[in-house]
Amino acid sequence: MAVTDATSVATPDWACIRIHESSGRYNSPAAPDGAYGILISTWRSFGLSGYPYEAAPSVQDQVALELYARYGFNPWSSRFACGL
């Protein structure tokens, strides 16, 4: 199966989003919204507790992919900097 933005966060587009949202940091208190800059209200809407940066990278990746499945890259204002 081909790797696409819809199936994997291991793409140049997702790497760009992570760099612009958190300097690529998944688990840094300096980036409490995690690697993808996920708002706490959005995080909670997925039934998750704590802050995104406290979650395993795989959980953050899964939430990002689910958001993408629903809305494309629209939730990320950094999409413009990434040419998306």
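Below is a summary of the structure that appears in this document. Computed from a prediction, not measured in an experiment: that's the story for all the values here.

### Some remarks on the pattern of salt bridges
Taken as a whole, this structure holds one salt bridge when the rule is applied. The partner of R70 in a salt bridge is E66, with the nearest N and O atoms 3.0 Å apart. Pair noted here: R70 and E66 are both in helix α3 (residues 57–71), with a separation of four residues, about one helical turn. Using a relative accessible area of 29% as the deciding quantity, one classes E66 as partly exposed.

### Comments concerning the packing of aromatic side chains
The description of an aromatic ring pair uses the distance of the two centres, along with the angle that the planes make with each other. All chains considered together, the criterion is met by eight aromatic pairs. Geometrically, the ring pair formed by Y68 and F73 is edge-to-face, given 4.7 Å between the ring centres and 65° between the ring planes. Accessibility expressed as a relative area gives 10% for F73, which makes it buried. Grouping aromatic residues by their ring pairs yields a cluster made of W14, Y26, Y36, Y68, F73 and W76.

### Looking at the state of the cysteines
Counted under the stated rule, the structure contains one disulfide. Two residues share a disulfide in this structure: C16 and C82, whose sulfurs sit 2.1 Å from each other. Because the torsion about its S-S bond is -95°, the bridge between C16 and C82 counts as left-handed. Linking C16 in helix α1 (residues 12–22) with C82 in the segment after α3, this pair joins segments that are 66 residues apart in sequence.

### Here we look at the nonpolar core
Within the largest apolar cluster, 16 residues are counted, with the highest numbers of intra-cluster contacts made by V9, W14, I17, Y36, I38 and W76. Here the element with the most residues in this core is α3; it accounts for four residues. Once you skip the residues sitting within four places of it in the chain, V9 turns out to touch W14, R18, Y26, Y36, D61 and L65.

Cut-offs used in this document
- Residues numbered from 1 in each chain as written.
- Predicted model: local features only at pLDDT ≥ 70, side-chain atom pairs only at ≥ 80, totals over all residues.
- Heavy atoms only, no water.
- Salt bridge = Lys/Arg side-chain N within 4 Å of Asp/Glu carboxyl O.
- Helix = DSSP H or I, 4+ residues; strand = E, 2+ residues; numbered from the N terminus.
- Buried < 20%, exposed > 50% of the residue type's maximum accessible area, 1.4 Å probe, protein only.
- Phe/Tyr/Trp six-rings, centres within 6.5 Å; stacked < 30°, edge-to-face > 60°.
- Disulfide = S-S within 2.5 Å.
- Core = buried A, V, L, I, M, F, W, Y, C linked by side-chain atoms within 4.5 Å.
- Contact = heavy atoms within 4.5 Å.

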